[in-house]
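Per-entry structural report
Each chain is listed here by its residues.
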Amino acid sequence: MPFPGQGYAARVDQKNDVYVDVENATRSDIRVTSLLVLFYDKRKLLIEESTIECHTDCRVGRADAESFGPIEVPGSWDTVKVMDVYYEDDGRRKRMRRPPPRLG
């Protein structure tokens, strides 16, 4: 994960498959309920906004990180950005804080 603590990031593997990595630094397990992912073309124009519901294997253990995917992508995408990760903790639905910007 490119940032410490609780957060998330998009990752593209060598096969061009897209994953969302979620890190949980809380003291209890969480269950990811959905991800909001945006796809842009080469001109940086938004081409698709996808809310991806998590129905199976959605748990992220305390002090752990999990990858979700590969996720379905539009045909002409160039860049992917994760906007939000929603999860349940102690039965309450929450939104994960956005990770800090990367410097350098």
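This section reports on the structure supplied with the text. By convention here, each chain's residues receive numbers from 1 onward along its written sequence. For a predicted model such as this one, the threshold for reporting local features is a pLDDT of at least 70, and the threshold for listing and counting side-chain atom pairs is 80 or more; totals across whole chains, interfaces and linings nevertheless cover every residue. For the side-chain quantities, the full set of heavy atoms in the structure was used; hydrogens and water were omitted.

**Some details on the overall build of the chain**
Which entries qualify depends on this criterion: Starting at the N terminus, helices and strands are each numbered in turn, a helix being any DSSP run of H or I of at least four residues and a strand any DSSP run of E of at least two. Relative accessibility under 20% of the residue-type maximum defines a buried residue, over 50% an exposed one, and the middle range a partly exposed one, all with a 1.4 Å probe and only protein chains included. Note on contacts: a residue pair is in contact if any heavy atoms of the two residues lie within 4.5 Å. Computed with the Shrake-Rupley method and a 1.4 Å probe, the accessible areas treat only the protein chains shown as cover for residues.
Within the chain one finds zero helices and eight strands. Starting at the N terminus and walking to the C terminus, you meet the elements of the chain as β-β-β-β-β-β-β-β. Counting over 104 residues, the chain shows a buried share of 38%. Taking as baseline every contact in the chain between residues at least 6 positions apart, the subset at least 24 positions apart corresponds to 60%. When the accessible surface of the chain is totalled, it reaches about 6,800 Å², and 45% of it is carbon and sulfur.

**Some remarks on the pattern of salt bridges**
Side chains bearing opposite charge may pair, as long as their charged atoms lie close to each other. Quick note on the threshold: In the sections that follow, a salt bridge refers to a side-chain nitrogen of Lys or Arg positioned within 4 Å of a carboxyl oxygen of Asp or Glu.
Tallied over the entire structure, the rule returns five salt bridges. Among the salt bridges present, the one from Asp29 reaches Arg59, with a minimum N-O distance of 2.8 Å. Here the residue Asp29 occupies a position in the loop between β2 (18-24) and β3 (30-40), and Arg59 occupies one in strand β5 (residues 59-60), the gap between them amounting to 30 residues. For Asp41, the salt bridge is made with Arg43, and the minimal N-O distance between the two is 3.0 Å. Assessed through its relative accessible area of 64%, Arg43 is described here as exposed.

**Structural notes on the state of the cysteines**
Our working rule: Throughout, a disulfide means two cysteine sulfur atoms within 2.5 Å of one another.
Across all of its chains, the model carries one disulfide by this definition. A sulfur-sulfur separation of 2.0 Å characterises the disulfide bridge that pairs Cys54 with Cys58. The disulfide joining Cys54 to Cys58 has a torsion of about -105° about its S-S bond and is therefore left-handed. Grouping residues by exposure puts Cys54 and Cys58 together as buried.

**Observations regarding the environment of Val73**
By the element assignment, Val73 lies in the loop between β6 (64-71) and β7 (79-89). Sequence separation between Val73 and Phe39 is 34 residues; the distance between their C-alpha atoms is 7.8 Å. Residue contacts for Val73: discarding those within four places in its chain leaves Val18 and Phe39.

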